[in-house]
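Here is how the chains run, residue by residue.
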Amino acid sequence: MTEQQQSNTPQQVGVGLVGFGTVGTGVWETIQKNGELITGRSNHQFQINIVKAAVRDISKKRIDDAPAELFTADWNDVVNDNSVDIVVELIGGTTTAFDIVAAALKLGKTVVTGNKALLAERGAELFALSQQHNAAIHFEAAVAGGIPIIKAVQDSYVGNDIESMVGIINGTSNYILERMTTAGLAYPEALKEAQELGYAEADPTLDVNGWDAAHKAILLATLAYGSVIDPEEVYVRGIERVTSTDIEFAKNLGYNVKLLSVVHKHEDGKVELRTQPSFIPKSHILSSVNGVFNAVAVKGDASGDALFYGRGAGKEPTASSVVADIVDAAHTISSRAPHRGFLPYSDESNVKKIEDTTTPYYVRFDVTDRPGVVAEIAQILANDGVGISGTHSPVDPENPDKEFVDMVFLLHTCPFGKLKATLKKVLALDSVNSEPVVFRIENL
Ligand code: HSE
């Protein structure tokens, strides 16, 4: 029994927030509401207090029960405050956020962050500082909002070699694709709707270009396989160029289009790591993940399959994850135990080349419909050993002699590199009018 438990006086653990926007407010409210519960659950070992918060505009009224002296306009006041044991970075971005996190770690303070871009882009430097100064970085809120996937991968699956983690981990893209699928909206309309509902950021670039999801997938792979991953090694495509035409074809063929992130360790030790809009069979459980919800299917060699499903963004769910990290950190601080924040343990990132990854494919060609065009395309595919599992080309009943048509080929599994090389040859045909549209059909 520790001294604290004997005296029954909880240790006061000070938290400093940098950023007091939606999530910061959620963290404040959650601790006000559930603080006693948390203290009790620590067996009265500690009590968590938010003691300082840095904000951009100090004159802005944020929350009724927050005292004015809590706030400062300078993040240095938070990091350097002696009563702050845990620095919570909630401003996003990879520049000032980096300075804040680095400064806190150098002072030996624990960091809690939800900043996936920061850790995926600059994790090597920050984890090195974490190791050097024996100060933990916790980041449950960085991946899938309120779903406790980080703790699951780091702790609950510690006895597994993780075979795969496949998921829908960007709510904004998922919402947009769903609205295009169910309401027939075009991409710009669906994006506008997502922004009006507050799902997409004012600048939704990282949401729709795939990088928000890719950063999260990089963090999951880093946790599972121990090495920091260079984002340059990762294949990422967003949803900006998904058209209603392909959504309709997908529906008719029995699929839904989802922005899917795939982390898959192959038998040779290489890790397939990619994010792109994919065709998912309607019958697969991930196909029914709708709206801004997230889901990650994890397969461990011992655990088998599991599915994590929940809210991937939003004030309370994200605050739930931030508070869980704060409590984890408080346990370490109050028990003076070595921290349990993640540290990389392998130097070899082993990301598989995207050209070597394999799936079946949906390929749509925009062709000039003249005799022999299908044969020409099929001949090139056959010469290169790319198998066709089906073809589809709807005829407009009012204009069966239409000159320009969509010709869809469903192709058997082959390496992506081989497909690309073959499609280049097809594109050289006079009757093929533009770059073919390719979607992976996921074998889940
Ligand atoms: N903007 C993200 C999403 C949540 O739409 O899922 C934060 O990463």
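This structure is a prediction, so every number in the text was calculated from the model and none was measured.

A. Expanded view of empty space enclosed by the protein. Across all of its chains, the model carries three cavities of 30 Å³ or more by this definition. As for the largest cavity, its lining consists of 13 residues, and the residues nearest its centre are His138, Ile150, Gln154, Asp325 and Asp328. With four residues, helix α6 (residues 149–156) is the largest single contributor of residues to the lining of the largest cavity. Put simply, the second largest cavity is a space of about 40 Å³.

B. Representation of the packing of helix α2 (residues 22–41) against helix α12 (residues 315–335) in the model. Two elements in contact, α2 and α12, have axes whose closest approach is 8 Å; the angle formed by their N-to-C orientations is 55 degrees. Relative to α12, α2 is oriented oblique. Here α2 and α12 pass one another in a crossing that is right-handed. Of α12, the residues touching α2 (which contributes Thr22, Val23, Thr25, Gly26, Val27, Glu29, Thr30, Ile31 and Ile38) are Lys315, Thr318, Ala319, Val322, Val323, Ile326 and Val327. Among the residues making up the contact of α2 with α12, the classes are represented as nine nonpolar, five polar and two charged.

C. View of the site of the ligand. Around the ligand sit Lys116, Asn170, Gly171, Thr172, Glu201, Asp207, Asp212, Lys216 and Ala313, and those are all the residues in its vicinity. Lys116 is positioned with one of its side-chain polar atoms (N or O) 2.9 Å from an oxygen atom of the ligand. Lys216 places a polar side-chain atom, nitrogen or oxygen, 2.9 Å from an oxygen atom of the ligand. Protein burial of the ligand: of its 260 Å² of free accessible surface, 88% is covered by the chains. At the level of elements, α7 (171–182) and α10 (211–225) are the ones that each hand at least two residues to the shell around the ligand. Each residue belonging to the shell around the ligand can be placed in one class, and the counts come to one nonpolar, three polar and five charged.

D. Representation of the packing of helix α13 (residues 373–383) against helix α14 (residues 416–427) in the model. Orientation of α13 relative to α14, taken along the N-to-C sense of each, is 150 degrees, at an axis distance of 10 Å. Classified by the interaxial angle, the pair formed by α13 and α14 is roughly antiparallel. In this structure, α13 meets α14 at a crossing whose hand is right-handed. Side by side, α13 and α14 meet where Ile377, Ile380 and Leu381 of the first sit next to Thr422, Lys425 and Val426 of the second.

Rules used in this analysis
- Residue numbers restart at each chain and count upward from 1, following the sequence in its written direction.
- The predicted nature of this model means local features are confined to residues of pLDDT at least 70 and side-chain atom pairs, given and counted, to a pLDDT of 80 or more, with totals for whole chains, interfaces and linings taken over all residues.
- Neither water nor hydrogens contribute to the side-chain values; these are computed over all heavy atoms in the structure.
- In this analysis, the protein atoms alone were mapped onto a 1 Å grid. Cavities are point sets where a 1.4 Å probe fits without being able to get out; pockets are open sets with protein on both sides within 12 Å along at least five of seven lines; lining residues have an atom within 4 Å of a point.
- Grid points are joined across faces, edges and corners, and a volume is the space filled by probe spheres set on the points.
- Strands are runs of DSSP state E lasting at least two residues, helices are runs of H or I lasting at least four, and both sets are numbered from the N terminus onward.
- Fitted lines through C-alpha atoms give the axes, limited to the stretch in contact for helices. The angle between two N-to-C directions lies from 0 to 180 degrees.
- Roughly parallel means an angle under 35 degrees; roughly antiparallel means over 145; roughly perpendicular covers 65 to 115; every other angle is labelled oblique.
- In a left-handed crossing the near helix is turned counterclockwise from the far helix by less than a right angle, and in a right-handed crossing that turn is clockwise.
- Should any heavy atoms of two residues lie within 4.5 Å, those residues are counted as being in contact.
- Under the scheme applied, nonpolar residues are Ala, Val, Leu, Ile, Met, Phe, Trp, Tyr, Cys and Pro; charged residues are Asp, Glu, Lys and Arg; polar residues are all the others, including Gly.
- It suffices for a single heavy atom of a residue to lie within 4 Å of a molecule or strand for the residue to be listed as near it.
- Any N or O atom pair separated by 3.5 Å or less is treated as a polar contact, with the protein-specific requirement of one donor-capable and one acceptor-capable atom, and with residues adjacent in sequence counted only for side-chain atom pairs.
- Note on areas: Shrake-Rupley with a 1.4 Å probe; residue coverage comes only from the protein chains shown.

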